[in-house]
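Per-entry structural report
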Amino acid sequence: MRSAVLAWASGRVVLTVVAWEPEGERPWIAELSADDGRCLRMAPVGRTDPRGVLGTARVIAAGNVWVVGWLSVDGPCALEIDPATFEPAAEVQRSRELGSTGLRAMAGAELVAMAGETSVLCHVEAGRSVVELLEQGRRPIRVWEGEGTALAPTMARGPEGVWVAWHSNATSGRVDVAKWIDLRLVDSKGRVRRPRAAMLGRELDAHGEQQGFEYPTIVRHASGALTILGRGSHRFWAQQLDDRGFGARVPLGDGEWGCRGRRVAAVLLEDDWLLCARREKPGIVVERIAAPEGGAPRTVEVEKVRARRKRPPAPARRPRRDVDGRLLLFGDIHQHSAHSDGVGAADEAYFRARDQYRDDFAALTDHESFLGKRIGPGEQAFLEAVAESHHEPGRFSTLFAYEWTAKMFPGPGHKVIYLPRAGLPIVSRDGAETSTGVGLLREVRRLGGFAVPHHTGWTGADLESHNPQDQPVWEVCSVHGCYESCGNVLGHRGALAGQFAGEALEAGLVFGFVGASDSHGLLWHHGIARKRDPFRTGLTAVLALENERGAILDAMRARRCYATSGAKIRLDVRAGGAMPMGSELVTSGEVALTARASGTAPVARLVLVGHGGDLDSRETHGGEVVEAEWRVAADPKRGWSFFYVRVEQQDGERAWSSPIWVRLSR
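Residues numbered from 1 in each chain as written. Predicted model: local features only at pLDDT ≥ 70, side-chain atom pairs only at ≥ 80, totals over all residues. Heavy atoms only, no water.

**Structural notes on the overall build of the protein chain**
Rule in force here: Each helix is a run of DSSP H or I of at least 4 residues and each strand a run of E of at least 2, with the numbering of both proceeding from the N terminus. Throughout, exposure labels follow a simple rule: accessible area from a 1.4 Å probe, protein chains only, divided by the maximum for the residue type, with under 20% read as buried, over 50% as exposed, and the rest as partly exposed. Whether two residues are in contact is decided by their heavy atoms: any pair within 4.5 Å suffices. Surface accessibility follows the Shrake-Rupley procedure with a 1.4 Å probe radius. Residue values consider only the protein chains on display as shielding.
When helices and strands are tallied, the protein chain shows 7 helices and 47 strands. Dimensions of the protein chain, computed from the C-alpha atoms along their principal axes, are close to 85 × 55 × 40 Å. Each of the 666 residues in the protein chain was classed as buried or not, and the buried ones make up 60%. Of all intrachain contacts in the protein chain linking residues separated by at least 6 positions in sequence, the fraction that spans at least 24 positions is 61%. A total accessible area of about 25700 Å² is found for the protein chain, and carbon and sulfur atoms account for 50% of it.

In structure tokens:
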């Protein structure tokens, strides 16, 4: 279950959720006890929708019936419910077709909050954000403007005005990784005010699992004091604000690590306590929270937020074309958000890649089924709509992908699935035919996609299932470390013998290399990452005909790609002067293998790697543009050999070309 919403209806507390069932998704409705949150009764609403439910379901009291409304993939739906029996009374509205923009607007509480005729909008463009309050009969009020991303707005109304909250990665004058909640009061005269006290508990350089405070829900109590509910990186929290300032942030639940929902639902009870509902690992958890003891927060007026001249989008990075007329493009193709076990909104993955890092393409790859939570067809449709909305062929491309998360070694491990288009079914590890590596690859092939194993030395490489058509590339560097070889200088999580990329190549497997962050949004990633910024711990470079989704996937299929440790190192490796990285060539003798690298820092050496490990190292004396040439040949005993080049910079950054295979002609 997901997407919990609480409301008062006919003097009763009503909870609505979206449930994932074998046949699809549909809303459920429950009446809760205001005394302790116990479920008094519960029933499904409407028919199961195999295409999925996107938006959170809501209930409205309308005379002698309740109207439950929700958004399916096909459009908005509503049903009248008899409060006495929970039986459907009448269908109010049936679906209508919507484009991806409409789906995002209706399902995406990540960009807009609405209550009656009042709305809060977050605009993010060119690396800068604006939070705006819109009310009927009043000019828009610019509540906040600044660098970075501001998303997930919410609001609460009182006699003093409208409280507005959101989360942002801009804190203390710098754009960072973690998101923190900020809030303002727009008073009855339209003035923007902020709490006089500073929020407690903002640890901007935390190393542990508990980082950030995002996806706010704010509730105004009868005294004017506020309760702020939000999501941290590994649990939910409550923090109160009254005339004494901010209280300490208090954890909700047991703090067990795992996939959770995004936002806490809350309803104010008649005794001024809160009843809260949230999705934890076991399911929907309901809890009562006491009201603050103090009165309305003290506030100070902020300088009027004046609209700045609209900043034009940053000019697209101009990738160079190589001698074959292809573009060298960089992107992070494996990362997570709050839709699974990461942090932040889905939009943030693309805003961050395009505006902050100036990448050429990106993919958000949340787990389809992991630790008790499964992404159903509705949530997947929403994530695909978000990806499509950021897709700008020629400037910035987004890929459709998700992570298939099977059992660790000796199970098939984890693989990211890349698909050619939206709207295709999710290939689940929970399916009877797709719980194994062989079954997965068979189904992904049928859908026109391919799989990429990752952190193989930790969770396993599934060597038995591999084939180069359905697994053309392997991820060799990420936030978890480098999986080129066991014991390498960059380090790695896990040390499974025989499961590293170099060992798989020695065993005769054919695949290219990619890199990605696999970041979940934590500074230092549980103390495992070698960098503070987890989103720069791995990158993929592709040589593509165009900056376009299909061309990028084609380059990965052809192994015309390479991996880096997060730096945009330019690398070209060829055999015989013409055969690019990823190629297989047949020859009766030696062939010239050339490498040319352009570093982001002085290059220390170029290393030729093949059967047996490092074969030769060329010291480069610290130049940023370096070249090397080797004469290579197939091993006469095996009849073939693989070769690739590793670039090592003086600052520790690295790049790995996809291998070239040389085979003896017979």
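**Looking at the packing of aromatic side chains**
Cut-off, in case you're wondering: Note on aromatic contacts: the rings of Phe and Tyr and the six-membered ring of Trp form a pair at centre separations within 6.5 Å, being stacked when their planes are under 30 degrees apart, edge-to-face when over 60 apart, and tilted otherwise. As a reminder, the over-ring test applies to NZ of lysine and CZ of arginine, requiring each to be within 6 Å of the ring centre and within 35 degrees of the ring normal.
Across all of its chains, the model carries 8 aromatic pairs by this definition. Taken together, the ring pairs in this structure connect Trp-474, Phe-511, Phe-513, Phe-642 and Tyr-644 into an aromatic cluster. When the ring centre of Phe-535 is taken as reference, the NZ or CZ atom of Arg-352 above it lies at 3.6 Å. We note Arg-638 situated over the ring of Trp-640; from NZ or CZ to the ring centre the distance is 4.2 Å.

**A closer look at the sheet that holds strand E35 (residues 512–515)**
How we decide: Strands are labelled as partners when DSSP assigns at least two bridges between them.
Strand order in the open sheet formed by 3 strands is E34-E33-E35, and the pairing between neighbours is mixed. A single partner strand is all that each edge strand has here, and the edge strands are strand E34 (481–482) and E35. Bridging between strand E33 (residues 473–478) and E35 involves 4 bridges; their strand directions are parallel. Looking at E35, one finds that Glu-475 is bridged to Val-514.

**Let's talk about unusual backbone geometry**
In the segment running from Phe-409 into Pro-410, the intervening peptide bond is cis, with an omega of 15°. By secondary structure assignment, the location of Pro-410 is in the loop between strand E30 (397–405) and strand E31 (414–419). Residues other than glycine seldom take positive phi values, yet Ser-10 does so here, at roughly 55°. Among the structural elements, Ser-10 can be located in the loop between strand E1 (2–9) and strand E2 (12–21). One non-glycine residue with positive phi stands out, namely Ala-152, at about 60°.

**What to know about the state of the cysteines**
For the record, the criterion: In this description, the term disulfide denotes a pair of cysteine sulfurs within 2.5 Å.
Taken as a whole and assessed by the stated rule, the structure comprises 0 disulfides. Not part of a disulfide, Cys-276 finds its nearest cysteine sulfur in Cys-39, a span of 17 Å.

**Some words on the sheet that holds strand E39 (residues 579–580)**
Strands sit in the order E39-E38-E41-E44 across an open sheet of 4 strands; the sheet is antiparallel. A single partner strand is all that each edge strand has here, and the edge strands are E39 and strand E44 (625–632). In this structure, strand E38 (residues 570–575) lies alongside strand E41 (residues 591–598), joined through 6 bridges in antiparallel fashion. Each residue of the ladder has a partner; that of Asp-572, found in E41, is Arg-596.

**Considerations on the pairing of strand E15 (residues 174–187)**
Counting buried residues along E15, 11 of its 14 residues qualify, which places the element largely inside the surrounding structure. Taking the residues that link successive antiparallel strands as the turn, the strand E14 (residues 161–171)-E15 hairpin has 2 residues, and the phi of Ser-172 there is positive, at about 55°. When E15 meets strand E16 (residues 192–195), the two strands line up antiparallel, connected through 2 bridges. Across the sheet, the residue bridging to Leu-185 is Arg-193, located in E16. Where E15 folds back on E16, the antiparallel hairpin that results is connected by 4 residues, among which Gly-190 adopts a positive phi of roughly 85°.

**Here's the deal with the side chain of Ser-517**
This is how the line gets drawn: Between N or O atoms, a polar contact is any pair within 3.5 Å; within protein, one atom must be a potential hydrogen donor and the other a potential acceptor, and residues adjacent in sequence are included only when both atoms are from side chains.
With respect to the helices and strands, Ser-517 occurs in the loop between E35 and strand E36 (539–544). Only 2.6 Å separates the side chain of Ser-517 from the side chain of Asp-332, close enough to count as a polar contact. From its side chain, Ser-517 meets the backbone oxygen of His-334 in a polar contact 3.4 Å long. Contacts of Ser-517, omitting those with residues within four sequence positions, involve Asp-332, His-334, Gln-335, Ser-478, Val-479, Pro-534, Phe-535, Thr-537 and Gly-538.

**Observations concerning the nonpolar core**
This is how the line gets drawn: Working definition of a nonpolar core: buried Ala, Val, Leu, Ile, Met, Phe, Trp, Tyr and Cys residues. They are joined through side-chain atoms within 4.5 Å.
Core analysis: the largest hydrophobic core is formed by 30 residues, its most contacted members being Leu-606 and Trp-630. For this core, the secondary-structure elements that each account for two or more residues are strand E26 (327–332), E36, E38, E41, strand E42 (603–610), E44, strand E45 (640–649) and strand E47 (660–664). Val-131, Val-143, Trp-166 and Ala-338 belong to the second-largest nonpolar core, a separate cluster that totals 23 residues.

**Regarding empty space enclosed by the protein**
Which entries qualify depends on this criterion: A pocket, in this scheme, is an open set of points on a 1 Å grid over the protein atoms alone with protein on both sides within 12 Å along at least 5 of 7 lines, while a cavity is a set where a 1.4 Å probe fits but cannot get out; residues line either one if an atom lies within 4 Å of a point. Grid points are joined across faces, edges and corners, and a volume is the space filled by probe spheres set on the points. The classification used treats Ala, Val, Leu, Ile, Met, Phe, Trp, Tyr, Cys and Pro as nonpolar, Asp, Glu, Lys and Arg as charged, and all other residues, Gly among them, as polar.
Enumeration over the complete set of coordinates arrives at 6 cavities of 30 Å³ or more. Volume-wise, the largest cavity comes out at about 110 Å³. Elements supplying a minimum of two residues to the lining of the largest cavity: helix H3 (377–389) and E30. Looking at the lining of the largest cavity residue by residue, the classes come out as 9 nonpolar, 1 polar and 2 charged.

**A closer look at the pattern of salt bridges**
Our working definition: We count a salt bridge whenever a side-chain nitrogen from Lys or Arg sits within 4 Å of a carboxyl oxygen from Asp or Glu.
In the structure shown here, the tally under the stated rule is 53 salt bridges. The salt bridge involving Arg-26 is made with Glu-21; its shortest N-O contact spans 3.2 Å. In this pair, the class of Arg-26 matches that of Glu-21, namely buried. One salt bridge in this structure joins Arg-663 and Glu-584, with 3.0 Å as the shortest N-O distance. With Arg-663 in strand E47 and Glu-584 in strand E40 (residues 584–587), this pair connects stretches of sequence that are 79 residues apart. Under the relative-accessibility criterion, Arg-663 is labelled partly exposed at 25%. Its relative accessible area of 40% is what places Glu-584 among the partly exposed residues. A single salt-bridge network, built from bridges that share partners, covers Glu-484, Arg-605, Asp-614, Glu-619, Arg-646, Glu-648 and Arg-654.

**Examining the side chain of His-167**
Structurally, His-167 can be placed in strand E14. One polar contact links His-167 to Glu-348, side chain to side chain, over a distance of 2.9 Å. Leaving out residues up to four positions away in the same chain, His-167 has contacts with Thr-149, Ala-150, Leu-151, Ala-152, Lys-179, Trp-180, Ile-181, Phe-213, Glu-214, Tyr-215, Pro-216 and Glu-348.

**With respect to the packing of helix H2 (residues 346–356) against H3**
Selection criterion: Angular values range over 0 to 180 degrees, each being the angle between N-to-C directions of two axes fitted as lines to C-alpha atoms, with helices fitted over their stretch in contact. Convention used here: angles under 35 degrees read as roughly parallel, angles over 145 as roughly antiparallel, angles from 65 to 115 as roughly perpendicular, and any remaining angle as oblique. Crossing handedness follows the turn of the near helix against the far one: under a right angle anticlockwise gives a left-handed crossing, and clockwise gives a right-handed one.
In contact at an axis separation of 9 Å, H2 and H3 are set at 25° when each is read in the N-to-C sense. With respect to each other, H2 and H3 are oriented roughly parallel. Here H2 runs over H3; the crossing is right-handed. Of H3, the residues touching H2 (which contributes Ala-346, Asp-347 and Tyr-350) are Leu-383, Val-386 and Ala-387. Taken together, the residues that form the contact of H2 with H3 break down as 5 nonpolar, no polar and 1 charged.

On their own, these measurements won't tell you what the molecule is for.
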